[in-house]
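Single-letter residue listing:
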Amino acid sequence: MLPSTSSEAKFKLTAQSFKNMDLPIVVLSIVLVQGLAHVSQLILARLLSPADFGVVRNVEAALQVIVILGSCGMPSLSAKCLAEVEDESLRAVLIGRLALLALSASLIAACAGLVLLPPFVPGIAQAYLRYAIWAVLFTCAGKTLLHYFQGVKKLGSLSTLTACFALTSLTLLVGLTLLVGLSGWLIAKYASECVLLLLCLW
């Protein structure tokens, strides 16, 4: 009977959690964010030449590696640790320190990437990688701050922020790429990450 009782308790807890987390908003946000990520690639493929689109894909693949290394698990740690802290002032101190750690780790990862990644990136994309690589500092810090809302069980706010970020990113990407081509993509990348930071801090 014990396993059954335990399973039933877990089910009730999960059901209650879903009830309290604005499930429709969460689901809509996930669909929107994932969908816009694919739409943005289709739009870029349309707006850019095949060579320029290849540059984008190569640079983004390299940046993803650096983001994984630079994050050092801080976003997950942010959600886990904040869930265990009740005091709001302590939460503020904790998220600030985790964001600083993410910034420091991503800076180290970006510097290492400048040295180690160029052999794996085509020559034409290396120049853009050198400019884009510093965006990972904003990405890692933003992801860490964003997971604050998961840690304090404000998943409705988390979903709203991620949806706003996805829509803003797509708008900036399309507008700036139309205006100045590949350089516009690079500017949009920095602008989008800055928007994420501002949304989290606001």
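None of these values were measured; they are calculated from a predicted model.

(A) Just the overall build of the protein chain, in detail. For the protein chain, the count of helices and strands is ten helices and zero strands. Ordering the α and β elements of the protein chain from the N terminus gives α-α-α-α-α-α-α-α-α-α. Looking at the protein chain as a whole, 38% of its 202 residues are labelled buried. Restricting the contact set of the protein chain to residue pairs at least 6 apart, pairs at least 24 apart contribute 77%. Total accessible area computed for the protein chain in this model is approximately 11600 Å², and 71% of it derives from carbon and sulfur atoms.

(B) Main features of the packing of helix α4 (residues 74–83) against helix α5 (residues 88–116). Between α4 and α5, the least distance of the axes is 10 Å, while the angle of their chain directions is 170 degrees. Taken together, the axes of α4 and α5 are roughly antiparallel relative to one another. On α5, the residues that touch Met74, Leu77, Ser78, Cys81 and Leu82 of α4 are Arg91, Leu94, Ile95, Leu98, Leu101 and Ala102. Each residue belonging to the contact of α4 with α5 can be placed in one class, and the counts come to nine nonpolar, one polar and one charged.

(C) Highlighting the nonpolar core. Core analysis: the largest hydrophobic core is formed by 28 residues, its most contacted members being Val59, Leu63, Leu129, Val136 and Trp185. Mapped by element, the contributors of at least two residues to this core are α3 (50–71), α5, α6 (123–132), α7 (135–146) and α10 (182–201). The dominant element in this core, judged by the number of residues it contributes, is α3, at seven residues. Excluding anything up to four places from it in sequence, Val59 contacts Ala125, Tyr128, Leu129, Ala132 and Trp185. Of all hydrophobic cores here, the second largest spans 16 residues; its members include Tyr148, Phe149, Leu158 and Phe165.

(D) Local environment of the confidence of the model for the protein chain. Taken residue by residue, the protein chain gives an average pLDDT of 81. The fraction at 70 or more is 85%. Within the protein chain, no element has a lower average pLDDT than helix α1 (residues 2–20), which sits at 43, and none a higher one than α3, at 92. Overall, residues 1–19 carries pLDDT values under 50, and its contacts beyond four positions in sequence, including any with other chains, amount to one contact.

(E) How the structure looks around α3. Taking 1.5 Å per residue as the helical rise, α3 with its 22 residues ought to reach 32 Å, and the 31 Å between its terminal C-alpha atoms agrees with that figure. Residues of α3 that are buried include every one of Val55, Val56, Val59, Glu60, Ala62, Leu63, Ile66, Val67, Gly70 and Ser71, and no others. Just downstream of α3, Cys72 is the residue with a positive phi angle, here 55 degrees.

(F) Summary view of the pattern of salt bridges. In this structure the tally under the stated criterion is one salt bridge. With a closest N to O distance of 2.9 Å, Arg57 and Glu60 form a salt bridge. Taken as a pair, Arg57 and Glu60 lie in helix α3 at a separation of three residues, close to a single helical turn. Given a relative accessible area of 39%, Arg57 falls into the partly exposed group.

(G) Up close: the packing of aromatic side chains. Applying the stated rule across the entire model yields one aromatic pair. Between Phe138 and Tyr190, the ring centres sit 6.2 Å apart and the planes meet at 80 degrees, which makes this aromatic pair edge-to-face. Of the two residues, Phe138 sits in helix α7 while Tyr190 sits in helix α10, which places them 52 residues apart along the sequence. Here Tyr190 falls in the partly exposed class, since its relative accessible area comes to 22%.

(H) Expanded view of unusual backbone geometry. One non-glycine residue with positive phi stands out, namely Cys72, at about 55 degrees. Tracing the sequence through the fold places Cys72 in the loop between α3 and α4.

Rules of the game
Residues numbered from 1 in each chain as written. Predicted model: local features only at pLDDT ≥ 70, side-chain atom pairs only at ≥ 80, totals over all residues. Heavy atoms only, no water. Helix = DSSP H or I, 4+ residues; strand = E, 2+ residues; numbered from the N terminus. Buried < 20%, exposed > 50% of the residue type's maximum accessible area, 1.4 Å probe, protein only. Contact = heavy atoms within 4.5 Å. Areas by Shrake-Rupley, 256 points an atom, 1.4 Å probe, with all protein chains shown as cover. Axes fitted to C-alpha atoms, helices over the stretch in contact; angles between N-to-C directions. Parallel < 35°, antiparallel > 145°, perpendicular 65-115°, else oblique. Nonpolar A, V, L, I, M, F, W, Y, C, P; charged D, E, K, R; others polar. Core = buried A, V, L, I, M, F, W, Y, C linked by side-chain atoms within 4.5 Å. pLDDT = per-residue confidence, 0-100. Expected span 1.5 Å × (residues − 1). Salt bridge = Lys/Arg side-chain N within 4 Å of Asp/Glu carboxyl O. Phe/Tyr/Trp six-rings, centres within 6.5 Å; stacked < 30°, edge-to-face > 60°.

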